[in-house]
Amino acid sequence: MSIMITTRRSQGDTGSCPGPGRSHMPQSGWAREPQLLSLHVRSPCTAKKKKKKKKKKKRWRKVERTRFQLNTRRSSYADMLHDKDRNMKYYQGIRAAVSRVKDKGQTALVLDIGTGTGLLSMMAVTAGADFCYAIEVFKPMADAAVKIVEKNGFSDKIKIINKHSTEVTIGPDGDMPCRANILITELFDTELIGEGALPSYEHAHRHLVQKNCEAVPHRATVYAQLVESRRMWSWNKLFPIRVQTSLGEQVIVPPLELERCPGAPSVYDIQLNQVSPTDFTVLSNVLPMFSVDFSKQVSSSTASHSRQFEPLASGQAQVVLSWWDIEMDPEGKIKCTTAPFWAHSDPEELQWRDHWMQCVYFLPEEEPVVQGSALCLVAHHDDYCVWYSLQRTSPEKDGRAHPARPVCDCQAHLLWNRPRFGEINDQNRTDQYVQALRTVLKPDSVCLCISDGSLLSILAHHLGAEQVFTIENSAASHRLMKKIFKANHLEDKINIIEKRPELLTPADLEGKKVSLLLGEPFFTTSLLPWHNLYFWYVRTAVDRHLAPGAVVMPQAASLHMMVVEFRDLWRIRSPCGDCEGFNVHIMDDMIKHALDFRESKEAEPHPLWEYPCRSRSEPQQILTFDFRQPVPLQAVCAEGAIELKRPGRSHGAVLWMEYHLTPDSTVSTGLLKPAEDKGYCCWNPHCKQAVYFFNTTLDPRVPPGGPQTITYTVEFHPHTGDVTVDFTLSDALDRGC
């Protein structure tokens, strides 16, 4: 029987998650499907033990059921149902559209694409529509919509069609007997068109609705504002990094190829209201870039839209901030906007939502602008993606063709996501690692660095290590690090090993033993804070290559927890009950069942700097991991209680890792400093923290207060790399998720 280190697939975002808006998992265009390192035991006779067909079918049904629960939990349906502004504006627009059709003496036939819960169709029938054809491609959601429509008494006037809209047929034997004269949709994400709104509208107008039909929404307009922002630009480019050494200051410079790279085409969608106005300088007014009239034929072809402007200030044009609004009626009197607070007509009435946020786009390269000197900001889009460029003259005047969608050719934007760029560019963080390295490095140190696309190896070299090796598992990280080493004339001084750690041989290390094992740790496939414990498994796998008395940095890690009250984030998991007068309890039950489902009882990664919260307890260390020793064979368990010291609701527990580089130096991936007197928290902006929602406290109808102590049991499972936590709020309440 042999023990081998392998990777276990975890449920990441595969791009199929239903529901609009940002998934809280990394987008599939940014990162590989997450993997956790596991220890699998392989027996020589395993291959002979074939599973029977019946068992395979049973396992497949379980996988499908698990996928459904995860997709339901990760979707934004609860958030949308809580979006009072969105729901109210849609209802007003639907009433007006139905009235206009009725005033013409026509039968009101509605096509609702992406019906979800069936809410908009029920609004239409209540407003007087004669019949609705509600399309929903996600089968579990379509099944729920059938039940919700029936529960509300609209089964005779609403037909749920479980298809993609492009598969719907018209005719006596089709899904619809004739074309509709009212088109209702909610196909929008933060970018407006990122969920395929344009192709869906294009097809609907050609095949499913009448010419000059009513449309709700009637129109959408995309806005942009040009800014200079060192903080946001650090999410896209590698800055020069300064290292203080005994020989003076050394500077790690980015490769020219990385500086010239246009970057990745994907938008960075964030809660822009949480970015301090001091973090950017406004270079332009808010510019309306382009509009789409949904009542007419829509095109999904590539297009460019230019807006001339005079810069409000001189500076470096780097970033375009963008948002949109939708007008529910032709007159534009009923408007729903995603504008940030400084561009909102009434900031006091700002609606919090997570299914629609704001967009951050990066120009292909930063460009100097002069106050008052006219320029053209150009928005380009294809059927799913938007990108921007800055030009001296209008594209219409010089006859230039539409530029191609930007594609990363430097590898960095494929390997590092936006927060990772920010983390690497954080000079204070680099200085902390440099200080820690100084205490453990010796002139004869042989270093082995284990982290994806990390600059630790360069720090070790500049600080005087005799020899430095770095393991890069992927071809992309290997190519990127080669470019960075070459740009800094280190290609002959740092050895890159493109090999899985457990396959490392003495020859790879030139026959030397490692005296200093280094890690940040960071791995591109990590989603939750403890996924970077992969470093511990790698340390175990390379144990035979370590010299007696070898130093491991970080020497240990600890898992920390704190109970919090969220200002808004709780809404994404909160039951809705009634929405605009319609009973959607079935949807609540569906989400609750997903939260209660055994395979779904896990933490969710959230960048909490975007989601303000107050601590109800003091932070508490609940587990420790000693990297100086190999991974234990037995589970690591702990239990305890957390006392709630501040008033409020206990929406959930936040967990994060802290890495103890040396006895005197610790790096936190979560809380950066003690909570303020009122409990407000400052979180690491480069990392996602893990959140366990307590489903018993998410219902706003439940009065605040409740238990003053929360007990927990936490367990680290060495064979899977998983951390599981169970909570008990009180004897009268259910366990958290």
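Please read all numbers here as calculations on a predicted model, not as lab measurements.

What counts and how
Residues numbered from 1 in each chain as written. Predicted model: local features only at pLDDT ≥ 70, side-chain atom pairs only at ≥ 80, totals over all residues. Heavy atoms only, no water. Helix = DSSP H or I, 4+ residues; strand = E, 2+ residues; numbered from the N terminus. Areas by Shrake-Rupley, 256 points an atom, 1.4 Å probe, with all protein chains shown as cover. Salt bridge = Lys/Arg side-chain N within 4 Å of Asp/Glu carboxyl O. Buried < 20%, exposed > 50% of the residue type's maximum accessible area, 1.4 Å probe, protein only. Contact = heavy atoms within 4.5 Å. Polar contact = N/O pair within 3.5 Å; in protein donor to acceptor, adjacent residues only side chain to side chain. Pairing = 2+ DSSP bridges. Axes fitted to C-alpha atoms, helices over the stretch in contact; angles between N-to-C directions. Phe/Tyr/Trp six-rings, centres within 6.5 Å; stacked < 30°, edge-to-face > 60°.

**Comments concerning the overall build of the chain**
Phase 1: In terms of helices and strands, the chain carries 16 helices and 36 strands.
Phase 2: For the chain, the accessible area works out to roughly 31,000 Å², and carbon and sulfur atoms hold 50% of it.

**Thoughts on the pattern of salt bridges**
Phase 1: Within this structure, the stated rule accounts for 31 salt bridges.
Phase 2: Salt-bridge contacts for Arg-206 lead to Glu-202; the nearest nitrogen and oxygen are separated by 3.6 Å. Taken together, the residues Arg-206 and Glu-202, both in helix α6 (residues 197-207) and four residues apart, mark about one turn of the helix.
Phase 3: Among the ionic pairs, Glu-423 bridges to Arg-420, the shortest N-O distance being 2.7 Å. Of this pair, Glu-423 and Arg-420 both sit in helix α11 (residues 418-424), three residues apart, which is roughly one turn of the helix. For the pair Glu-423 and Arg-420, a shared accessibility class is recorded, and that class is buried.

**Looking at the environment of Ser-300**
Phase 1: Structurally, Ser-300 is set in the loop between β13 (287-293) and β14 (303-309).
Phase 2: By relative accessible area, which is 15% here, Ser-300 ends up buried.
Phase 3: Among residues more than four places away in sequence, those in contact with Ser-300 are Leu-198, Pro-199, Glu-202, Asp-382 and Asp-383.
Phase 4: Looking at Ser-300, its side chain comes within polar contact range of the side chain of Glu-202, at 2.6 Å.

**Details of the sheet that holds strand β19 (residues 386-391)**
Strand pairs in the sheet, formed through backbone hydrogen bonds, run parallel or antiparallel to each other.
Phase 1: Across the sheet, which stays open at both edges, the three strands sit in the order β14-β18-β19 with antiparallel pairing between neighbours. Of all strands in the sheet, those bounded by a partner on one side alone are β14 and β19. Taken over all neighbouring pairs, the strand axes of this sheet differ in orientation by 20° on average, direction set aside.
Phase 2: Direction of pairing for strand β18 (residues 375-381) relative to β19: antiparallel, over a ladder of six bridges. Looking at β19, one finds that His-381 is bridged to Val-386.

**Comments concerning the packing of aromatic side chains**
Phase 1: According to the stated counting rule, one finds 26 aromatic pairs in the structure shown.
Phase 2: When the ring of Phe-131 is compared with that of Tyr-133, the centres are 4.9 Å apart and the planes differ by 50°; the resulting orientation is tilted.
Phase 3: Tyr-133 sits in the buried class, given a relative accessible area of 8%.
Phase 4: Relative to Tyr-611, the ring of Trp-352 lies with its centre 6.5 Å away and its plane at 70°, an arrangement referred to as edge-to-face. Here the residue Trp-352 occupies a position in the loop between β16 (335-337) and β17 (358-369), and Tyr-611 occupies one in the loop between β28 (604-606) and β29 (613-615), the gap between them amounting to 259 residues. In this structure, Trp-352 and Tyr-611 share a single accessibility class: buried.
Phase 5: Ring-pair connections join several aromatic residues into one group, and the members of that group are Phe-188, Tyr-201, Phe-294, Trp-324 and Trp-356.

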